[in-house]
Amino acid sequence: MSDRKPFIAGNWKMNNTIAESEELIQALLPLVGAVEDVDIVVAPPFLALQAIVDSARGSAVGVYAQNMAEKDAGACTGEVSGPMLAEIDVHGVILGHSERRQLFGETDRLLQLKVPKALEFGLIPILCVGETEEERERGDTERKLRHQVQEGLEKVPLERLHEVVVAYEPIWAIGTGLTATPEQAQDAVAFVRALVQGFDKEAGNRVRVLYGGSMKAENAADLLAQPDIDGGLIGGASLDAESFAAIVEAARS
Ligand SMILES: O=C(CO)COP(=O)(O)O
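Just so you know, these numbers come straight off a predicted model, no measurement behind them.

Q: Talk me through the overall build of the protein chain; I want residue IDs and the actual numbers.
A: A count of helical and extended segments in the protein chain gives 11 helices and eight strands. On C-alpha atoms alone, the protein chain measures out to a radius of gyration of 17 Å, which is about the 18 Å that the 2.2 N^0.38 rule sets for 253 residues. Each principal axis of the C-alpha distribution contributes one length, and for the protein chain these read about 45 × 45 × 35 Å. Looking at the protein chain as a whole, 44% of its 253 residues qualify as buried. Residue pairs at least 24 apart in sequence account for 71% of intrachain contacts in the protein chain once pairs closer than 6 positions are excluded.

Structural data, given as structure tokens:
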């Protein structure tokens, strides 16, 4: 049993209007009550962030954005910056999700700027990494993870490295109903931790590494029982308050 605090995050992706987001948080808050032994996070779409920050204020639920620009301000049509998120009391930000990488061309080079930028504005970054099905079949999983983790964390000040959260999300498991086996997930997550230890041993011991990809109430306990898996980044199952609360509960035991 590690002394790292479990971390369960719901990525709502491009789901929920402001009204629907409000409904979801109001359903979730009483279910998770005053849980203190798990960090619980939801990441609503940008437009609902302010409303959900206000609704969740004083509760056990932290509110994260799903993306953030690498610059503070400027001619970047359609982007949202760190100072804008910090101003409305957002607590953190998901960075480099595979959908951002695949659909919007985000690169490791860009993430190298975004991760320390989030920390600069007091936002906890969740850096997402993970291989495609082809890469796994070719035996390239570790090479891909090494590249993503080393580039993504390269410019983080060593004394702040332990604050970063890393999410291992194999792309073939996202939204497919296919989950990595607990052993596959443990192996990859342990490899990610070793990479962080390569920067700084102590930070690698402290950093939370999550698993994401079709995690749900039914498979959460087996995944979370693995020694290096400190939590989950949950898509589909986070859109249902009871399913998400059940995963939080699984992280407590
Ligand atoms: O991408 C994910 C979380 O960021 C995982 O999504 P699913 O849980 O829907 O597979």
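Q: Residue-level account of the site of the ligand, with values.
A: As a structural note, the neighbourhood of the ligand is formed by 14 residues, with Asn 11, Ile 174, Ser 214, Gly 235 and Gly 236 the closest of them. Looking at the shell around the ligand residue by residue, the classes come out as five nonpolar, eight polar and one charged.

Q: Just give me the short version of the packing of helix H1 (residues 18-32) against helix H2 (residues 46-56), but keep the residues and values in it.
A: In helix packing, the relevant descriptors are the interaxial angle and the interaxial distance, both defined with respect to the helix axes. At a closest axis distance of 9 Å, the pairing of H1 and H2 adopts a crossing angle of 25°. Regarding the angle of H1 to H2, the classification is roughly parallel. The chirality of how H1 crosses H2 is right-handed. Mapping the contact onto sequence places Ile 18, Ser 21, Glu 22, Ile 25 and Gln 26 in H1 and Leu 47, Ala 48, Ala 51, Ile 52, Ser 55 and Ala 56 in H2. Its residues placed into classes, the contact of H1 with H2 shows seven nonpolar, three polar and one charged.

Q: Give me the nonpolar core: which residues, what numbers.
A: If you look at the biggest cluster of nonpolar residues, it comprises 71 residues, and the most contacted ones within it are Ala 9, Leu 95, Val 166, Tyr 168, Val 192 and Ile 247. Apart from the residues within four sequence positions on either side, Ala 9 is in contact with Val 41, Ala 43, Tyr 64, Ile 126, Leu 210, Leu 233 and Ile 234.

Q: Explain the UniProt feature "active site" (unreviewed entry) in the protein chain to me, and be specific about the residues and the numbers.
A: In this numbering, the UniProt entry assigns the feature "active site" (unreviewed entry) to His 97 and Glu 169. Spanning 73 residues, the annotated positions come together in the fold, the maximum distance between their C-alpha atoms being 8.5 Å. With respect to the helices, strands and loops of the structure, His 97 is situated in the loop between strand E4 (92-95) and helix H4 (98-104). When sequence neighbours within four positions are dropped, the list of residues in contact with His 97 reads Gln 66 and Cys 128. Relative to the assigned elements, Glu 169 resides in the loop between strand E6 (165-168) and helix H8 (182-199). Those residues within four positions of Glu 169 in sequence are excluded, and the remaining contacts are Ser 98, Cys 128, Gly 130, Ile 174, Gly 212, Gly 213 and Leu 233.

Q: Talk me through the environment of Met 84; I want residue IDs and the actual numbers.
A: Relative to the elements of secondary structure, Met 84 occurs in helix H3 (residues 82-87). Spatially, the C-alpha atom of Met 84 lies 9.4 Å from that of Met 68, the residues being 16 residues apart in sequence.

Q: Describe helix H10 (residues 217-224), and please don't skip the residues or the numbers.
A: Listed in full, the buried residues belonging to H10 are Asn 219, Ala 220, Leu 223 and Leu 224. Buried residues of H10, seen end-on, are gathered within an arc of 130° and therefore sit on one face of the element.

Q: Requested: an account of the UniProt feature "binding site: substrate" (unreviewed entry) in the protein chain, with residues and values cited.
A: UniProt annotation of "binding site: substrate" (unreviewed entry) refers to Asn 11, Trp 12, Lys 13, Gly 175, Ser 214, Gly 235 and Gly 236 when read in the numbering used here. Of the residues just listed, which span 226 residues, no C-alpha pair is farther apart than 13.9 Å, and they cluster in one region. Tracing the sequence through the fold places Asn 11 in strand E1 (residues 7-11). Sequence-distant contacts of Asn 11, defined by excluding residues within four places in its chain, comprise Ala 43, Gln 66, Ile 94, Leu 233, Ile 234, Gly 235 and Ser 238. Tracing the chain through its elements places Trp 12 in the loop between E1 and H1. In this structure, Trp 12 is in contact with Val 42, Ala 43, Pro 44, Pro 45, Ser 238 and Leu 239, ignoring residues within four places of it in sequence.

Q: Go over the environment of Glu 183, please, and point to the residues and values.
A: You can see Glu 183 is positioned in helix H8. Remark: the alpha-carbon pair of Glu 183 and Gln 112, spanning 71 residues in sequence, is separated by 29 Å.

Q: Account for the pairing of strand E2 (residues 39-43), with residues named and values stated.
A: Among the five residues in E2, five count as buried, and that is most of the element. Residues of E2 alternate between two faces, with Asp 39, Val 41 and Ala 43 on one and Ile 40 and Val 42 on the opposite face, all of them buried. Pairing analysis gives five bridges linking E1 to E2, with the strands arranged parallel. Pairing of Gly 10 across the sheet is with Val 42, part of E2. Taken together, E1, H1 and E2 form a β-α-β motif whose crossover is right-handed. When E2 meets strand E3 (residues 61-65), the two strands line up parallel, connected through three bridges. Looking at E3, one finds that Ile 40 is bridged to Val 61. The handedness of the E2 to E3 crossover, carried by H2, is right-handed.

The rules behind the values
Residues numbered from 1 in each chain as written. Predicted model: local features only at pLDDT ≥ 70, side-chain atom pairs only at ≥ 80, totals over all residues. Helix = DSSP H or I, 4+ residues; strand = E, 2+ residues; numbered from the N terminus. Rg over C-alpha atoms; globule rule 2.2 N^0.38 Å. Buried ≥ 20, exposed ≤ 12 C-beta atoms within 10 Å, placed from the backbone. Contact = placed C-beta atoms within 7 Å. Near = placed C-beta within 6 Å. Nonpolar A, V, L, I, M, F, W, Y, C, P; charged D, E, K, R; others polar. Axes fitted to C-alpha atoms, helices over the stretch in contact; angles between N-to-C directions. Parallel < 35°, antiparallel > 145°, perpendicular 65-115°, else oblique. Left-handed = near helix turned anticlockwise from the far one by under 90°. Core = buried A, V, L, I, M, F, W, Y, C linked by C-beta atoms within 7 Å. UniProt positions renumbered as here; feature names shortened; annotations may be inferred. Arc of directions from axis to C-beta. Pairing = 2+ DSSP bridges. Right-handed = clockwise from strand over helix to strand, strands pointing away.

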